[in-house]
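# Structural overview for review
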Amino acid sequence: MPDNYFSVINEVGIRPSIQRIAIYAYLCEHPVHPTVDMMFSALAPAYPTLSRTTIYNTLKLFTDCGLVQTIQIEEDKIRYDADVTPHLHFKCLKCGQVFDVFDRETLDKFNSACCSLLPDNFIAQKIQTNIWGTCSNCSGK
């Protein structure tokens, strides 16, 4: 695994174990917004001692340190994203894939407009916008 994953994890104050590096590498190299179960299925064959609990605890630690963000685009699942830059998420209701949508200028204006709607002394700490619909592959266009 590339040394940069080790460095990124270490820079946020987390001890970079082999399992933590594998989890972070998976998130960075597979930007499919996986769930804990998806990561466990993908990583367990290569890391037989890895458990769902280890993945969950590692992702909680990564989230708390700002290395990863959680996405709640389904009622019963939490997904994870290693890209913590501001962006939207689009979920296709046909194939189930979750896509990133980037437009920094528009998103900055949108987030600013959302914050301006807040009452006095309210401070936004996170804005997450999800869009549901049909992706271009499923719509046939």
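Shown above is the structure to which this text applies.
The shown structure was predicted, so the numbers you read here are calculated from the model rather than taken from an experiment.

### Notes on the sheet that holds strand 5 (residues 130-133)
- Taken in spatial order, the three strands make up an open sheet running 4-3-5, and their pairing is mixed. A single partner strand is all that each edge strand has here, and the edge strands are strand 4 (98-101) and strand 5. Within this sheet the neighbouring strands show an average axis-to-axis angle of 25 degrees, counted without direction.
- Looking at chain direction, strand 3 (residues 88-92) and strand 5 are connected through four bridges and run parallel. Following the sheet pairing, F90 is matched in strand 5 by I131.

### A look at the pattern of salt bridges
- Scanning the model with the defined rule gives six salt bridges in all.
- Note that D37 is salt-bridged to R52, the shortest N-O span being 2.8 Å. Here the residue D37 occupies a position in helix 3 (residues 36-43), and R52 occupies one in helix 4 (residues 52-64), the gap between them amounting to 15 residues.
- The partly exposed category is assigned to D37, whose relative accessible area is 45%.
- D64 is paired through a salt bridge with K60; the nearest N and O atoms lie 3.0 Å apart. In this pair, D64 and K60 are both assigned in helix 4, four residues apart and thus about one turn of the helix distant.

### What to know about unusual backbone geometry
- Positive phi outside glycine occurs at H33, with the angle close to 60 degrees.
- Here H33 is to be found in the loop between helix 2 (18-29) and helix 3.
- H33 gets classed as buried once you look at its relative accessible area, which sits at 2%.
- Its identity is not glycine, yet N121 carries a phi of approximately 70 degrees, on the positive side.
- Examined against the element boundaries, N121 turns out to sit in the loop between helix 5 (104-116) and strand 5.

What counts and how
- Within each chain, residues carry numbers counting from 1 in the order of the written sequence.
- For a predicted model such as this one, the threshold for reporting local features is a pLDDT of at least 70, and the threshold for listing and counting side-chain atom pairs is 80 or more; totals across whole chains, interfaces and linings nevertheless cover every residue.
- To get the side-chain values, take all heavy atoms of the structure and skip hydrogens and water.
- Paired strands are those between which DSSP finds at least two bridges.
- Strands are runs of DSSP state E lasting at least two residues, helices are runs of H or I lasting at least four, and both sets are numbered from the N terminus onward.
- Only the contacting stretch of a helix is used when fitting its axis, a line to C-alpha atoms as for every element, and angles between N-to-C directions run 0 to 180 degrees.
- Here, a salt bridge means any Lys or Arg side-chain nitrogen found within 4 Å of an Asp or Glu carboxyl oxygen.
- The cut-offs for exposure are 20% and 50% of the maximum accessible area for each residue type, with area from a 1.4 Å probe on protein chains only; residues under the lower value are buried, those over the upper are exposed, and the others partly exposed.

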